[in-house]
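# Structural overview
These are the residues of each chain, in order.
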Amino acid sequence: MALNSKLMQLYGYDLLLGSIAAFYVFMAPYTKVEESFNVQAMHDILYHWHHLEKYDHLEFPGVVPRTFIGALLVSTLASPFVLAASLLQMPKIYSLYAVRLALGCIILSSLRFFRKQIKKSFGSQVEAFFVILTAIQFHMLFYCTRPLPNVLAFGLVNLSYGYWFDRRFYAAINSLIFATIVFRCDILLLVTPLGLELLLCRSISLRKAVISCLIAALFCIGLTVLVDSVLWRKWLWPELDVFWFNSVLNRSSEWGTHAFHWYFTSALPRSLLVAYPLFVLGALLDSRIRLYSIPVLTFVVLYSKLPHKELRFIISSLPIFNLSAAIAASRIYNNRKKSYWKYLYFGMLGLFLISLGCTILTFMASYENYPSGYALKALHKMGHVTNKSDEMLVHIDTFSAMNGISRFCENHEPWRYSKEEGIPLQEFQNRNFSYLLSEHAEIDGYKCLFSIKGFSGAHLHVGFPPMSLVKRPKVYIHGNAEDGEIMRLIWPGC
């Protein structure tokens, strides 16, 4: 009992956060287009090894190149399980669980390092509230297992925060330089205000900082150019291409734009929930956190100047905002028996419950946001013809490839898959595909066998719960009308 108590004391918070992140992995294992490069790279590293000609990125390079370094690290950690799963001939979807859980372990380990510095600087009660706030929010734990460049950079940002709190300032800056050069060039918007603050506070010297940063930058550039030039088969520094595309050419705005205030009026309220007002209160109550908040707030303000905005772009700011909120929550809790503070305390408890409800609703919406992954899983279950010797060729259209399908979702023979792009709808009847996964309900030469619904919006109404999800058919599964064996199977219909 004493040993179990000691283990829970040491790792209880990690178990709580890890369990929630793992729950999200098993309930929503599929990936979206933003994750496609890294998830396909992990698959190819694990299953094709040195056979580069089979790698997905050579056929589908994407809009901008990305680094393989994160995929190599995660794949290495997941490789023992994947090897065992391959020997046992388990479906490849289990390997997707493995790589996502491995990534989650990396990110949560970096968050643990930061959390330990929180405990050292602000006490165990603030650490406890930090964990509670993180647990009842959706986005940080949902994203921490998703193979996005932002998430890979997020792990290094957490390390940087930990070094910063531990007064290891040069290590903090070097961690951000690694994240900037290798994973996300936009972390430059965080390292710049942090470096300026450290210089103004005389925490670092300019000469030593320049030397340290140059050494770190040259090492990171050499590493990414060496690794990625081999795997991309051309001389390449991926994040330089990304910087040129997004910042210099401003091409990212082709994927949609938001107003300057969007991060502060939409993204942060949705991701922080109760921590959003508490963050402001914490900054007012404790002068120590203001010093840490200024560079992070500057990061979000600078990022707001770019027209194309997504919540994942500023995920690195959430831990500092949560810390400020945890300081406020701790102060309210300690003063809960005083006259005015008790009203704040009851209000805070109510907001905690509302935040938990919002997280549940957001998860339910996200669960329904990967329709093509569920469609391919259902097709594998219903569409296998046991006495059919020929291969079953499945065409996956662009919409389906972007909304839940990766190579980890593919089955072994006799199944084969094509993601050939640009085929006109009328041309499919001249092709020899067994099945089509498509966003179109009708295709000549094929019969719609069933459809999968996906999240389409939310509807407010009187009653409990006050909000319901709106779903509509997103992906249609078609069978070749001339294949008698497929037509004789029992299908749900469209």
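The shown structure was predicted, so the numbers you read here are calculated from the model rather than taken from an experiment. By convention here, each chain's residues receive numbers from 1 onward along its written sequence. With pLDDT at 70 or above as the cut-off, local features in this predicted model cover only qualifying residues; side-chain atom pairs require 80 or more to be listed or tallied, and sums for whole chains, interfaces and linings still use all residues. Based on all heavy atoms of the structure, the side-chain values leave hydrogens and waters out of the count.

## Section: the pairing of strand β3 (residues 435-438)
- Burial along β3 is two-sided: Tyr435 and Leu437 and Leu436 and Ser438, pointing in opposite directions, are all buried.
- Two strands are said to pair when DSSP picks up at least two bridges between them. Numbering of helices and strands starts at the N terminus; helices are DSSP runs of H or I of at least 4 residues and strands are runs of E of at least 2. Where strand β1 (residues 392-396) lies against β3, three bridges are found, and the strand directions are parallel. Directly across from Val394, in β3, lies its bridge partner Tyr435.
- Note: β3 against strand β5 (residues 467-480), four bridges, orientation antiparallel. Bridge pairing links Ser438 to Tyr476 in β5. Here's how the labels work: a residue is buried when its accessible area is under 20% of the maximum for its type, exposed when over 50%, partly exposed in between, all with a 1.4 Å probe on protein chains only.

## Observations regarding the pairing of β5
- Summarising the sheet, strand β4 (residues 446-460) and β5 pair through 13 bridges and their orientation is antiparallel. Each bridged residue has a counterpart across the sheet, and for Ser451 the counterpart in β5 is Tyr476.

## Remarks on the state of the cysteines
- Note that a disulfide, as used here, is simply two cysteine sulfur atoms within 2.5 Å. Counting across every chain of the model gives one disulfide.
- Residue Cys448 pairs covalently with Cys494 via a disulfide, S to S 1.7 Å. Linking Cys448 and Cys494, the disulfide has an S-S dihedral of approximately -75° and is accordingly described as left-handed. Taken as a pair, Cys448 in strand β4 and Cys494 in the segment after α20 (484-487) lie far apart in primary sequence, 46 residues in all.

## Points about the packing of helix α8 (residues 149-165) against helix α9 (residues 169-183)
- Here the axes come from fitting lines to C-alpha atoms, over the contacting stretch only for helices, and the angles between their N-to-C directions go from 0 to 180 degrees. Following both chains from N to C, one finds α8 and α9 inclined at 170°, their axes separated by 7 Å at the closest point. Considering their axes alone, α8 and α9 lie roughly antiparallel with respect to each other. Facing α8, whose interface residues are Pro149, Leu152, Ala153, Leu156, Val157, Leu159, Ser160, Tyr163 and Trp164, α9 presents Phe169, Ala171, Ala172, Ser175, Leu176, Phe178, Ala179 and Phe183. Here the word oblique covers every angle except those under 35 degrees (roughly parallel), over 145 (roughly antiparallel) and from 65 to 115 (roughly perpendicular). By the convention used here, residues are in contact when the closest approach between their heavy atoms is within 4.5 Å.

## Quick word on the pattern of salt bridges
- Whenever a carboxyl oxygen of Asp or Glu lies within 4 Å of a side-chain nitrogen of Lys or Arg, that contact is scored as a salt bridge. A complete count under the given rule lists 17 salt bridges for this structure.
- A salt bridge links Asp14 to Arg115, with the shortest nitrogen-to-oxygen separation between them at 3.2 Å. Taken together, the residues Asp14 in helix α1 (residues 2-27) and Arg115 in helix α5 (residues 93-122) connect sequence positions 101 residues apart.
- Note that Arg115 is salt-bridged to Glu127, the shortest N-O span being 2.9 Å. Of this pair, Arg115 sits in helix α5 while Glu127 sits in helix α6 (residues 124-136), and the two are 12 residues apart along the sequence.

## Details of the environment of Ser406
- On the secondary structure map, Ser406 appears in the loop between α19 (398-402) and β2 (415-418).
- Residues Ser406 and Asn432 lie 26 residues apart in sequence; the distance between their C-alpha atoms is 22 Å.

## Overview of the nonpolar core
- Take the buried residues of types Ala, Val, Leu, Ile, Met, Phe, Trp, Tyr and Cys, join any two whose side-chain atoms come within 4.5 Å, and each joined set is a nonpolar core. Grouped together as the largest cluster of nonpolar side chains are 138 residues, with contacts concentrated most on Leu278, Leu323 and Leu379.
- Among the elements that line this core, the one with the most residues is α5, at 13 residues.
- Each residue touching Leu278, except ones within four places of it in the same chain, is listed here: Leu133, Ser324, Ala325, Ala328, Ala329, Ile332, Met348 and Phe352.
- Leu393, Ile423, Phe433 and Ile443 belong to the second largest nonpolar core, which has seven residues in total.

## Looking at the packing of α5 against helix α16 (residues 318-334)
- α16 packs onto α5 with a crossing angle of 35° between their chain directions and a minimal axis gap of 12 Å. Pair α5 / α16 crosses with right-handed handedness. Contacts between α5 and α16 involve Leu111, Phe114, Ile118 and Phe122 from the first element and Pro319, Ile320, Leu323 and Ile327 from the second.
- Grouping the amino acids of the contact of α5 with α16 by side-chain chemistry returns eight nonpolar, no polar and no charged. If you view the pair so one helix is near and one far, a crossing is left-handed when the near helix is turned anticlockwise from the far one by less than a right angle, and right-handed when it is turned clockwise. Throughout this entry, Asp, Glu, Lys and Arg are counted as charged residues, while Ala, Val, Leu, Ile, Met, Phe, Trp, Tyr, Cys and Pro are counted as nonpolar. The remaining residues, Gly among them, count as polar.

## Here's the deal with the sheet that holds β5
- Pairing in this open sheet of five strands is mixed, and the strands run β2-β1-β3-β5-β4 from one edge to the other. Only two strands of the sheet have a single partner each, and these edge strands are β2 and β4. Strand-to-strand twist in this sheet, taken as the mean axis angle between neighbours without regard to direction, amounts to 20°.
- Alignment of β1 against β2, held across four bridges, turns out to be parallel. Bridge pairing in β2 links Met392 to Trp415.
- The sheet contacts of helix α18 (residues 371-382) involve β1, β2, β3, β4 and β5, and relative to β4 the element is tilted by about 145°.

## Things to note about the environment of Cys358
- As for its placement among the helices and strands, Cys358 is situated in helix α17 (residues 341-367).
- Of the residues examined, Cys358 reaches a relative accessible area of 31% and is grouped as partly exposed.

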